[in-house]
Amino acid sequence: MQFTGRRRKLTVHPQNELYGHCLQLYGQPPLENISLSEFETFAVERLKLLKTVENLGVSYVKMSEQYSKKLHAEISSLHFPHRPEVDESSLNKSQAVPTEYEKRRKDHISHFILRLAYCQTEDLRRWFIQQEMDLFRHRFTDLPPKFKTEFLHRNNLKYDTISVEEKKNLKDQLINSSYGFSGTTVVEQDFYKVPFQDALDLVRMRKVFLQGGYAYIPHQEIVTIVLNDFRTRLSKALALTARSLPAVQSDERLQPLLNHLSHAYVGQDYSIQKNIGKVSLEQIDALSAKSFPLCMRQLHKALRDNHHLRHGGRMQYGLFLKGIGLTLEQALQFWRSEFIRGKVDADKFDKAYAYSIRHMFGKEGKRTDYTPYSCMKVILSNPPSQGDYHGCPFRHSDPELLKQKLQSYKLSPSGIVQILDLVKGMHYQLACQKYFELTHNIEDAGFSLNHPNQYFMESQKLLGGGREIKKEVEMPQKVQENTTANGASVQPQPNTTQAMEEMGDLDSYFLDE
Ligand code: SF4
C-alpha cells in the first residue's frame with residue numbers, strides 16, 4: 001500500500017482542507033488577516049503551552065502516564081486541539097465557541113507566530129524545535145491508529161506497508177527484531193518499509209528489522225519517522241523564516257512584539273508595587289540569603305563587596321528590589337549608602353545615579369512604572385562580560401564556578417549533581433527551582449519558576465515571612481484573570497509591546513561612568 005496523496009474529500013468549508021485533521025505539519029502559512037490583539041493572544045498561549053511541555057519533560061518521564069495526563073490537561077485548558085473524534089459540523093465557523101475549527105486555527109496561526117519570534121538565534125531555534133517536537137509526539141501518539149493513517153495520507157508521507165506475502169516470508173525476523181511481537185500480532189499489524197536512513201533512531205536502538213537498505217517498522221513506531229520528518233521540515237522552515245526577518249522587523253508594530261515573545265514571561269506581573277514599603281533596608285542582607293534567587297543573591301553580594309555594580313547589575317537588581325517592595329526613598333538610600341562606601345562620593349552619586357533610580361520608579365522621563373526582569377529576559381538578553389555580576393548564574397556561570405558556589409552555600413553533593421545535570425540540559429529555570437527546593441528543604445516547589453520576584457514571593461510564603469506581601473500581591477495570573485467565566489477565551493498581557501519599548505528606553509539612562 002502506498003500513501004500517495006490519496007486525500008479525503010472534504011466538502012464542508014474550503015478552510016477544512018487546511019484544518020481537516022486535528023494534527024498538522026504546518027506546511028502552509030496562514031494567509032488570512034488577523035488583529036494584533038489576536039496575534040498576541042495566540043502567541044502568548046502557545047508559549048505557555050510550550051513552557052508546560054518543557055517543564056513536564058524534565059519533571060516526568062516523557063510519554064509516561066502522568067506526563068501525558070498533565071499535558072493533555074494543559075492542551076485542553078488552553079483550547080488547543082487534541083481529540084480527533086470531532087463532529088465535522090463543528091468545523092463550521094458559524095458554530096458557537098470554542099469550536100474545533102477555532103482550536104485548529106489557533107494551533108496553526110500560533111505556531112507560525114512563534115516561528116517568527118523563535119527563528120532569531122540558534123538557542124531560540126533549538127528550544128522551539130525541542131518543545132514543538134515533544135508536543136507533536138504527544139499529540140501524534142495519542143491518536144487512534146485510524147487517525148494516524150489519515151494523518152499520513154493527508155500529508156503525503158509515502159511510506160509503503162509491506163504485503164501480506166512479504167510479511168509471511170519475514171515473519172520470524174519481524175518477531176525477533178520488534179519488541180513484544182508474536183506471530184499473531186505480526187499478522188495483524190501493518191509494517192512500513194522505509195529507507196534505513198529515515199529511521200536511524202530506530203536502527204540505533206535496534207528496534208527494527210533491516211534488509212536491503214530498508215527498515216521494517218511496526219505501526220506503533222512510525223511516530224519516530226514522522227517526528228524526524230517534522231524536525232527536518234521545522235528546522236528548514238526556521239532557517240528560511242530567519243532570512244525573511246529583516247522584512248518582518250521593518251514592521252514597527254510587529255518587531256517589538258516578536259522580540260518580547262522570544263524573551264517572554266507568561267505569568268504574574270511583578271511591576272505593580274502592591275507590596276511597596278513592606279521590606280526594610282535592614283532586612284535585605286538576611287533576605288538575600290534566605291529568599292533571593294541565586295542571580296539576586298550574587299548581585300547583592302557583589303554590591304556589598306565592591307560597593308558598586310555596573311549598569312546591567314543595577315538594572316536587574318534595582319528592578320528586583322523595587323518589585324519586592326522597596327520605596328523610591330529606600331532605594332535611593334540603599335544605593336547611595338553602598339556606593340559612597342566605594343569610590344563614588346555623595347555629590348557624584350546624586351548627579352550620576354540618583355536620576356536613573358528615580359527614572360526606574362517612574363518619577364522621571366516618561367514616568368513609566370518599569371517591570372522587574374523575568375527569567376527569560378535575564379537568561380536570553382545582555383549576557384554578562386568580565387566585571388559584570390548580572391545575568392543568570394545557571395545560564396552564564398562556568399559550571400565549575402557554579403559548583404563551587406553551590407558548595408559554599410552548603411548544598412548536598414547529590415543536589416549539586418542534579419542542578420548541574422539540569423544546567424547541562426539547558427533547563428536553567430528548572431535548575432533554579434531545584435536550588436529553591438534544596439535551600440528550602442522541600443521535595444517539590446509546587447510552582448513553575450518564571451521570575452526572580454516569583455522566587456522571592458514563594459520563598460516568603462513558605463518561610464511564613466511574607467503574609468503581608470503575599471496578601472497584597474497574590475492575585476490571579478494575568479492570563480487567568482482574563483479568562484471568561486466559561487473559560488472560552490484568554491486575553492494577552494496588556495501593553496507588552498509598550499513595555500518592551502519602555503525597557504529599551506530605560507537602558508539609556510543607566511550608562512556607566
Ligand atoms: Fe534568577 Fe531566574 Fe536564573 Fe533563577 S532562573 S537565577 S530566578 S534568572
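All values reported here derive from a predicted model rather than from experimental measurement. (Residues numbered from 1 in each chain as written. Predicted model: local features only at pLDDT ≥ 70, side-chain atom pairs only at ≥ 80, totals over all residues. Heavy atoms only, no water.)

**Student:** Explanation requested: the overall build of the protein chain in the structure shown.
**Tutor:** What the protein chain contains, in helices and strands, is 27 helices and four strands. Taken over 513 residues, the protein chain has a buried fraction of 51%. When contacts within the protein chain are restricted to residue pairs at least 6 apart in sequence, long-range pairs at least 24 apart make up 70% of them. (Helix = DSSP H or I, 4+ residues; strand = E, 2+ residues; numbered from the N terminus. Buried < 20%, exposed > 50% of the residue type's maximum accessible area, 1.4 Å probe, protein only. Contact = heavy atoms within 4.5 Å.)

**Student:** Would you mind showing me how to read unusual backbone geometry here?
**Tutor:** Leaving glycine out, the prevailing phi sign among residues is negative, and the prevailing peptide bond configuration is trans. Backbone geometry places Asn382, a non-glycine residue, at a positive phi of 45 degrees. Locating Asn382 in the fold gives a position in the loop between α19 (375-380) and α20 (393-396). Asn382 sits in the partly exposed class, given a relative accessible area of 45%. A positive phi angle is found at Asn441, which is not glycine, with a value near 55 degrees. The residue Asn441 is located in the loop between α23 (428-439) and α24 (452-463) in this model.

**Student:** Sorry if this is basic, but what is going on with the packing of helix α1 (residues 36-59) against helix α12 (residues 254-262) here?
**Tutor:** As a packed pair, α1 and α12 sit with axes 11 Å apart at the nearest point and diverge in direction by 10 degrees. In terms of axis orientation, α1 runs roughly parallel to α12. Contact residues: Leu36, Phe39, Glu40, Ala43, Val44 and Leu47 in α1; Leu254, Leu257, Leu258 and Leu261 in α12. (Axes fitted to C-alpha atoms, helices over the stretch in contact; angles between N-to-C directions. Parallel < 35°, antiparallel > 145°, perpendicular 65-115°, else oblique.)

**Student:** Explain the site of the ligand to me, please; I cannot follow it from the model alone.
**Tutor:** Around the ligand, the neighbouring residues are Pro293, Cys295, Cys375, Val378, Cys392, Pro393, Phe394, Gln429, Cys432 and Pro452. Of all elements in the fold, only α19, α20 and α23 reach the threshold of two or more residues within the shell around the ligand. Classifying every residue of the shell around the ligand gives nine nonpolar, one polar and no charged. (Near = heavy atom within 4 Å. Nonpolar A, V, L, I, M, F, W, Y, C, P; charged D, E, K, R; others polar.)

**Student:** Quick question: what am I supposed to make of the packing of aromatic side chains here?
**Tutor:** Under the counting rule described, the total for this entry stands at 25 aromatic pairs. Measuring from ring centre to ring centre gives 6.3 Å for Tyr26 and Phe230, while their planes differ by 50 degrees; the resulting arrangement is tilted. In this pair, Tyr26 sits in the segment before α1 while Phe230 sits in helix α10 (residues 222-243), placing the two residues 204 residues apart along the sequence. Both residues of the pair, Tyr26 and Phe230, count as buried. Ring geometry for Tyr317 against Phe320: centres 6.4 Å apart, planes inclined by 15 degrees, an arrangement best described as stacked. Of the two residues, Tyr317 and Phe320 both sit in helix α15 (residues 311-324), three residues apart, roughly one turn of that helix. Taking the relative accessible area as the measure of exposure, Phe320 reaches 0% and is therefore buried. Among the aromatic residues, those joined into a cluster by ring pairs are Phe292, Tyr317, Phe320, Phe334, Trp335, Phe339, Phe349, Tyr353 and Phe456. Residue placement shows Lys106 over the ring face of Phe80; its charged tip is 4.7 Å from the ring centre. Taking the ring centre of Tyr373 as reference, the NZ or CZ of Lys377 above it sits at 4.9 Å. (Phe/Tyr/Trp six-rings, centres within 6.5 Å; stacked < 30°, edge-to-face > 60°. Lys NZ or Arg CZ within 6 Å of the ring centre and 35° of its normal.)

**Student:** Got a minute to help me understand the sheet that holds strand β1 (residues 160-161) in this structure?
**Tutor:** Hydrogen bonds between backbone groups are what pair the strands of a sheet, and the pairing can be parallel or antiparallel. Pairing is antiparallel in the open sheet, where four strands are placed in the order β1-β2-β4-β3. Two strands close off the open sheet at either side, each with one partner strand: β1 and β3 (209-211). (Pairing = 2+ DSSP bridges.)

**Student:** I would appreciate a short explanation of the confidence of the model for the protein chain in the present structure.
**Tutor:** Atomic detail in the predicted coordinates should be set aside for any region of low pLDDT. Looking at the protein chain, pLDDT values average 80 and 81% of them are 70 or higher. Across the protein chain, the element-wise mean pLDDT spans from 32 in helix α26 (residues 478-481) up to 97 in helix α14 (residues 294-306). For the stretch residues 1-12, pLDDT sits under 50, and the model shows 31 contacts to residues farther than four places along the chain or on other chains. pLDDT under 50 marks residues 466-513. Its contacts with residues more than four places away, or in other chains, come to 99 contacts. (pLDDT = per-residue confidence, 0-100.)

**Student:** Can you help me understand the pairing of strand β4 (residues 214-218) in this one?
**Tutor:** Here is the key point about a regular strand: its side chains alternate between the two faces of the sheet. With four of five residues buried, β4 is to be regarded as a mostly interior element. As judged from the five bridges shared by strand β2 (residues 191-195) and β4, these two strands associate in the antiparallel manner. From the neighbouring strand, Val194 faces β4, where its bridge partner is Ala215. In terms of strand pairing, β3 meets β4 through three bridges, oriented antiparallel. From the neighbouring strand, Gln211 faces β4, where its bridge partner is Tyr214. Hairpin remark: β3 followed by β4, antiparallel, with two residues in the connecting loop; positive phi at Gly212, about 55 degrees.

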